[in-house]
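# What the coordinates show
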There are 4 protein chains.
Amino acid sequence: MNTFGKNLTLTTFGESHGPAMGGIIDGFPAGYKINFERLLAEVAKRRPGQSVLVTARKETDTPEFLSGISPDGITLGTPIGFIVRNADHHSSDYDEMAKAYRPSHADYTYIARYGLRDHRGGGRQSARETVNWVVAGALALQWLESKGISIEAVLSQVGPITAGDLFDGLMTEPEKPFCLEVNPDLRLAMEEFVKETKKAGDSVGGKVSCLITGLPAGIGSPVADKLHSRLAAAMMSINAAKGFEYGMGFRASSAMGSKVNDPFLPSSAPGEPLKTATNFSGGIQGGISNGMPVFFSVAFKPTPTLMIPQDTVDTQGNHITLNPAGRHDPCVAVRAVPVVKAMAALVVADFLV
Amino acid sequence: MNTFGKNLTLTTFGESHGPAMGGIIDGFPAGYKINFERLLAEVAKRRPGQSVLVTARKETDTPEFLSGISPDGITLGTPIGFIVRNADHHSSDYDEMAKAYRPSHADYTYIARYGLRDHRGGGRQSARETVNWVVAGALALQWLESKGISIEAVLSQVGPITAGDLFDGLMTEPEKPFCLEVNPDLRLAMEEFVKETKKAGDSVGGKVSCLITGLPAGIGSPVADKLHSRLAAAMMSINAAKGFEYGMGFRASSAMGSKVNDPFLPSSAPGEPLKTATNFSGGIQGGISNGMPVFFSVAFKPTPTLMIPQDTVDTQGNHITLNPAGRHDPCVAVRAVPVVKAMAALVVADFLV
Amino acid sequence: MNTFGKNLTLTTFGESHGPAMGGIIDGFPAGYKINFERLLAEVAKRRPGQSVLVTARKETDTPEFLSGISPDGITLGTPIGFIVRNADHHSSDYDEMAKAYRPSHADYTYIARYGLRDHRGGGRQSARETVNWVVAGALALQWLESKGISIEAVLSQVGPITAGDLFDGLMTEPEKPFCLEVNPDLRLAMEEFVKETKKAGDSVGGKVSCLITGLPAGIGSPVADKLHSRLAAAMMSINAAKGFEYGMGFRASSAMGSKVNDPFLPSSAPGEPLKTATNFSGGIQGGISNGMPVFFSVAFKPTPTLMIPQDTVDTQGNHITLNPAGRHDPCVAVRAVPVVKAMAALVVADFLV
Amino acid sequence: MNTFGKNLTLTTFGESHGPAMGGIIDGFPAGYKINFERLLAEVAKRRPGQSVLVTARKETDTPEFLSGISPDGITLGTPIGFIVRNADHHSSDYDEMAKAYRPSHADYTYIARYGLRDHRGGGRQSARETVNWVVAGALALQWLESKGISIEAVLSQVGPITAGDLFDGLMTEPEKPFCLEVNPDLRLAMEEFVKETKKAGDSVGGKVSCLITGLPAGIGSPVADKLHSRLAAAMMSINAAKGFEYGMGFRASSAMGSKVNDPFLPSSAPGEPLKTATNFSGGIQGGISNGMPVFFSVAFKPTPTLMIPQDTVDTQGNHITLNPAGRHDPCVAVRAVPVVKAMAALVVADFLV
């Protein structure tokens, strides 16, 4: 229910307005040296309040590690327990919400599921939970890097401002040098759009694109644990995710086999891993990695919290006008970038440990 | 590895060219009367060789139930074991393939994963496995119907022939009568396109759209078992799936919150389940159903088997030209329709048992 | 619910009076050559009707393997599905039982759990289920042997006839040659006692002792998956099991630490696995094997079916006298011997795959 | 690996000499009011340093709850995260041990399993871990009580001082009033024996007996999740446990069926739960509770730490004499009493949630 993974598991807890978030990472390999500075830098990327792009809530978000790592930073093979204290509560901001079902929020469904709810910030459904994932993912990312595997993610669309399909080149000419990045002008345009949206009290959707390189062939299982099935499940666990596609994705629906099959290239030397001339498959065939780059995209909806009045109902089902209060993240996709990366790292590491 | 689900589980086995496929359904409620005639009709829908649209392989695909159901068709609450015998093997068709890595097939990844492979039809990676899912799903569908929940799926795109977004009306005007169907002319055009594709020895991608109605609010979990995360994982387990989206899906990336939030409507009577004025959410908020229709789409790539020669390499990494042999399903999305339905049923039933 | 194991899993189905028993073994290593002759010999050991000691029901119990093994007997790494057909039903023997709750049987508890019951032979609670375990265990035993690990089990007590603590020597002088066997006179006395018991229409308890040798140090986990915890769970899953002890077992309660600590012996050569001077620990310390022989015993109650009339109640709660009918196994411990061995093999293999 | 349970799960972390122990309880029912005073009293029972009977280490062991419980003590249905800070480290006490493999300790097996070890107090193998279990168990105990289920445990043997089989009366005359307690003289004798043992620098084994009353019929599963199998696994997870038996336990091996079958008594009124005239079954038949009291015993070995020099080897395999240091618990069974109770509560609650 609150556990991700099979061999490398992450079990989490925490309400956004409770004392702390936290988790237990079980199955992390013994004997690996953690670089805490880099870990904190990774965690900082999802922290709100860093730029105009995101909510103003200030939190230091420094995880406290309570087990599983020796005083000199070596993993012990035992479960890694950590907590991240919550701070900066303005619960009174949420008083009005206690009586309302906010549109497209999980207030109503949460009541339907549990019979009661902690209205202060969404309980377990708050995106605050993702701090746990990013902490755990940052550990996984470091360990994967030590195996030559790297994972990158970028914001590839914000409302009307889109970078198009960043992976076009990777699909048609995978042997060409490739760098997952968005043109600076576009990035600026995205930032501007988010600013305008915030000013208007509105919110906007977005898309995050993710690339995994260095993954050897043979990762994944052919039936119930396909690599892309696990990636999809992880990505669709992120708050506000509405869609997932890998390789050629939805364009596959209109494609002809003769155009998008990926022929294997003759091997450069006996025993060398094979490569394919194209990579429409997105590095996965039959649920198992084939050694080519793996890439996918995730669509996010606009955050449902708006700074403009909205019609909805109270908990008795009567019409009310919901007046805005609390923090406001105009584009949840911005903060989802490190979360996508972290979850991808947890999935991949789960297969490798 | 070969088990789906948590409370209602399906564990499967079977190589497409071995003696039989089969599975064990554990956790199915006791005391439910099975309608075998309807079950066989459902299984028949995925059977190849029924129309020009699909492969010519002839199989009766009648499951033999070995436990868990009394002689008079009542479920016992004990695990339901079943097998489906394989037939019509032309293993010699596959002789050439034993030496080749077929483009975009899982031959190479399978070797990378297991070190050996049963080349006769793809081993566990054959779509033959889906017969197990459809048998189990057909049981789940019947049980869900007895709870007032129904699941439908249609082929909504074949290559360039597309029904557009079938769910448009459901999103903007969910109170209007809705029927998940594709216009007969379009259906005919899809059939024609598949025929032409087959004639050309080529293959084509497609899309399947699925609608779940009657699902009460409160199904799903807020963190690791979001309803849409489980649906995504199940759909991405289907052979050739490349993308999944629910509700407004990838269109969310370009949407503004003020346009796509779903306001709750005042309740018709105290205690009545709430409805929303629009349904861009696709019936799920925060991972939990809200009582509105749930809908999603799945993109499928063209089947990688072509009836035209293809460049690839042999198992030594040397270039070869692969000549076509074996059966040919020009559009795997056609047969995926009952599979999507079955997997959706298993996911939903897993949350309800 | 019907799945054993974590990495090497066995999921089973089957009612004793349904068409077949069966199971799926998932996670069995690829590339291992199965010796079917030896497998059948192992399965035959639990078959009823072989000697005076056990029930007269005749079954051939030949498993049919449906997947996961190539035609030439090589495991494929894919799930191994198998079935064992049931035969020789005398359901009418059980007619009277449909109306009665048999003393110390699971009739009443089964109704309490499921609300309905298949009275013909106990449904899932019949010891017939153990045929599935023995088939799977026989595969695991062969694979373990290829790793130098062997598992033996013997009947060490039948009612008053007891072999004492067979492991005394292994505990105090583990370096001495040891053979797990019961003196032939004692064995004969056990057989005689079972015969007499059967003649009297009564039943008798017993004990099975099991020895695992060749297990390297390092198998098991320190907290939730202790090796002996998993062994205990597996043994207590066997029908009629009432107790489990390993190493010095219940004698530990009265022991002094200074007498039963196991000192490590100086190693014979650098890097050589260590040995202990005594083995009161039973080869496991802190839940993890230490390289010394692992041994344990399992207590079984007399089978509750008697061939003498018994007082009990009918399903309405009224007093009735239950007249004997059906088959009669006077000592369930006799047939438990290969089951103990099989379950031990599955537990150990689960840790090693 | 560090998770107990299936529906109500406890995942734990913590090294005895790290900053904190802790855990996450997932699946605890929503809306239940916690009595923290009683919870702390239960946790205090396992705390060392309370009496002459146990180790002198002083710890307050006050759990800090970080989530899952509202400020006014109501459970939220979300995961309950908690930590218990460690204190009172005398790591230097353990310096010598860093070089030694202590007899019957898990030092050597831990190295064999993980390749490295935190020698300061045993890492994950320290009984300190059980504080996590007692915290979680105390929550489960309260919830079970609200359902009319109570669990008690007593120390029933210390070395030669034994209370005999406390459950004799419950087996033969279950309708008579019963109280699980040890005669005060015997208790005093046990305390005296522990004192003497401690003075001698030795250690001693013991036995804990546990009684569960108020459990309704129908709890447990017939095959892989038998109630007593789950209890056995939980009990054998407790440090130093060597044996488990329930109902008539090992006495079953010598029993005749005609003497130990439990006849059902005619029901007092239609629909009333049935009772049995005797209770040799220990309240469980076929793995499922039958509504009679459930009882079992667990054997514990003497703690392997002695305050007298012992022969063993260093990590190079050379003979050394190990001189005593650190704390000394002469009888681990004493502190196991609340742990047995807690683990029983977690197992039972796991079936009921």
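How each quantity is defined
- Residues numbered from 1 in each chain as written.
- Chains lettered and ligands numbered in written order.
- Predicted model: local features only at pLDDT ≥ 70, side-chain atom pairs only at ≥ 80, totals over all residues.
- Helix = DSSP H or I, 4+ residues; strand = E, 2+ residues; numbered from the N terminus.
- Rg over C-alpha atoms; globule rule 2.2 N^0.38 Å.
- Buried ≥ 20, exposed ≤ 12 C-beta atoms within 10 Å, placed from the backbone.
- Contact = placed C-beta atoms within 7 Å.
- Nonpolar A, V, L, I, M, F, W, Y, C, P; charged D, E, K, R; others polar.
- Pairing = 2+ DSSP bridges.
- Axes fitted to C-alpha atoms, helices over the stretch in contact; angles between N-to-C directions.
- Left-handed = near helix turned anticlockwise from the far one by under 90°.
- Least-squares fit on C-alpha atoms with pLDDT ≥ 70 in both.
- Expected span 1.5 Å × (residues − 1).
- pLDDT = per-residue confidence, 0-100.

This part is about the overall build of chain A. Helices and strands together make up the secondary structure of chain A, namely eight helices and 15 strands. Over its C-alpha atoms chain A spans a radius of gyration of 21 Å, differing by no more than 12% from the 20 Å that the globule rule assigns to 353 residues. A principal-axis box enclosing the C-alpha atoms of chain A has dimensions of 70 × 50 × 40 Å. Classification of the 353 residues of chain A by burial places 62% in the buried group. For chain A, the share of sequence-separated contacts (at least 6 apart) that also reach a separation of at least 24 residues comes to 72%.

Let's shift gears to the interface of chain B and chain A. Many authors give the size of an interface as the accessible area that is lost as the parts come together. Listed as interface residues are 87 residues of chain B and, on the opposing side, 87 residues of chain A. Of the residues in the side of chain B that touches chain A, the class split is 38 nonpolar, 37 polar and twelve charged. Of the pairings in the sheet, the one linking strand β10 (residues 241-246) of chain A to strand β10 (residues 241-246) of chain B comprises three bridges and is antiparallel in character. Bridge pairing links Gly243(A) to Glu245(B) in β10(B).

The next subject is the arrangement of the chains. In this view chain A stays clear of chain C, with the nearest C-alpha atoms of the two still 9 Å from each other. In this assembly chain B lies apart from chain D, the nearest approach of their C-alpha atoms being 9 Å.

Residues and elements named next belong to chain D. Two elements in contact, helix α6 (residues 227-235) and helix α8 (residues 332-352), have axes whose closest approach is 9 Å; the angle formed by their N-to-C orientations is 145 degrees. Taken as a pair, α6 and α8 cross one another with a handedness that is right-handed. Touching Leu 227, Arg 230, Leu 231, Ala 234 and Met 235 of α6 are Val 340, Met 343, Ala 344, Leu 346, Val 347 and Phe 351, all from α8. Residues of the contact of α6 with α8, tallied by class, amount to ten nonpolar, no polar and one charged.

As a further point, take the interface of chain D and chain C. Each partner contributes to the interface: chain D provides 87 residues, whereas chain C provides 87 residues. Taken together, the residues of the side of chain D that touches chain C sort by class into 38 nonpolar, 37 polar and twelve charged.

Let us look at the sheet that holds strand β14 (residues 310-314) of chain C. In any sheet, the strands associate via hydrogen bonds between backbone groups, in a parallel or an antiparallel arrangement. All names here are of chain C. Read across the open sheet, the three strands follow the order β6-β14-β15; overall the sheet is antiparallel. The sheet terminates laterally at β6 (100-101) and β15 (319-322), the two strands that pair on one side only. In this sheet, β15 lies alongside β14 in antiparallel orientation, the contact comprising four bridges. Residue Val 313 lies in a different strand from β15, and its bridge partner there is His 319.

Moving on, we get to the pairing of strand β7 (residues 150-158) of chain C. Residues and elements named next belong to chain C. Direction of pairing for β7 relative to strand β9 (residues 206-213): antiparallel, over a ladder of eight bridges. Across the sheet, Ser 150 pairs through a bridge with Thr 213, a residue of β9. Bridge count for β7 against strand β8 (residues 161-162) is two bridges, and the pairing is antiparallel. Following the sheet pairing, Gln 157 is matched in β8 by Thr 162.

Looking now at the relation of the copies chain B and chain A. By a simple turn and slide, chain B fits onto chain A: the slide is 0.0 Å along the axis, the RMSD is 0.0 Å, and the turn is 180 degrees. The transformation relating the two chain copies, once decomposed into turn and shift, fits a two-fold axis. When you check the interface residues of chain B against chain A, 100% turn up at the interface there too, and the contact is symmetric in its surfaces.

With respect to the helices and strands, Arg38(B) occurs in helix α1 (residues 36-46). Residues Arg38(B) and Ala269(B), spaced 231 residues apart in sequence, show a C-alpha to C-alpha distance of 38 Å.

Further remarks concern the sheet that holds β8(C). The strand order β8(C)-β7(C)-β9(C)-β13(C)-β10(C)-β10(D)-β13(D)-β9(D)-β7(D)-β8(D) describes an open sheet built from ten strands, whose pairing is antiparallel. Only two strands of the sheet have a single partner each, and these edge strands are β8 of chain C together with β8 (161-162) of chain D. With five bridges connecting them, strand β10 (residues 241-246) of chain C and strand β13 (residues 294-300) of chain C associate as antiparallel partners. Across the sheet, Phe244(C) pairs through a bridge with Val298(C), a residue of β13(C).

Now for the relation of the copies chain D and chain C. With an RMSD of 0.0 Å, the operation that places chain D on chain C is a rotation of 180 degrees combined with a shift of 0.0 Å along the axis. A share of 100% of the interface residues of chain D reappears at the interface of chain C, consistent with the copies meeting face to face through the same patch.

Turning our attention to helix α6 (residues 227-235) of chain C. With respect to burial, α6(C) is a largely interior element, nine of its nine residues being buried. Among the residues of α6(C), those classed as buried are Leu227(C), His228(C), Ser229(C), Arg230(C), Leu231(C), Ala232(C), Ala233(C), Ala234(C) and Met235(C).

Attention now moves to helix α3 (residues 130-145) of chain A. In an α-helix, one full turn covers 3.6 residues, which means residues spaced three or four apart are oriented alike. For α3(A), which comprises 16 residues, the first-to-last C-alpha distance of 22 Å matches the rise-based estimate of 22 Å (1.5 Å per residue) to within 8%. With respect to burial, α3(A) is a largely interior element, 14 of its 16 residues being buried.

Turning next to the packing of helix α1 (residues 36-46) of chain A against α3(A). All names here are of chain A. One can describe the packing of α1 onto α3 by two numbers: an axis separation of 9 Å at closest approach and a directional angle of 145 degrees. Of the two possible hands of crossing, α1 and α3 adopt the one that is right-handed. Taking contact as the criterion, the partners of Arg 38, Leu 39, Glu 42, Val 43 and Arg 46 in α1 are, on α3, Thr 130, Val 131, Val 134, Val 135, Ala 138, Leu 139, Leu 141 and Gln 142. The residue makeup of the contact of α1 with α3, split by class, is eight nonpolar, two polar and three charged.

On to the environment of Asn7(D), then. All names here are of chain D. Checked against the element boundaries, Asn 7 lands in the loop between β1 (3-4) and β2 (9-13). Asn 7 sits in the partly exposed class, given 14 other C-beta atoms within 10 Å. Sequence separation of Asn 7 and Lys 301 is 294 residues, and the distance between their C-alpha atoms is 31 Å. Not counting chain neighbours up to four residues away, the residues in contact with Asn 7 comprise Gly 27, Asp 350 and Val 353.

This brings us to the environment of Gly286(B). Mapped onto the elements of the fold, Gly286(B) is located in the loop between β11 (284-285) and β12 (288-289). Residue class for Gly286(B) comes out buried when judged on the 28 C-beta atoms lying within 10 Å of it. Residues Gly286(B) and Leu66(B), spaced 220 residues apart in sequence, show a C-alpha to C-alpha distance of 40 Å. Dropping the residues within four chain positions of it, Gly286(B) is found in contact with Ala106(A), Thr109(A), Tyr110(A), Gln125(A) and Pro222(B).

Positive phi, normally seen in glycine, also occurs at Ala240(A), with a value near 80 degrees. As for its placement among the helices and strands, Ala240(A) is situated in the loop between α6 (227-235) and β10.

Below, the discussion takes up the confidence of the model for chain A. Put simply, chain A has an average pLDDT of 91, and 92% of its residues get 70 or more. Listed scores for the predicted complex are pTM 0.95 and ipTM 0.95.

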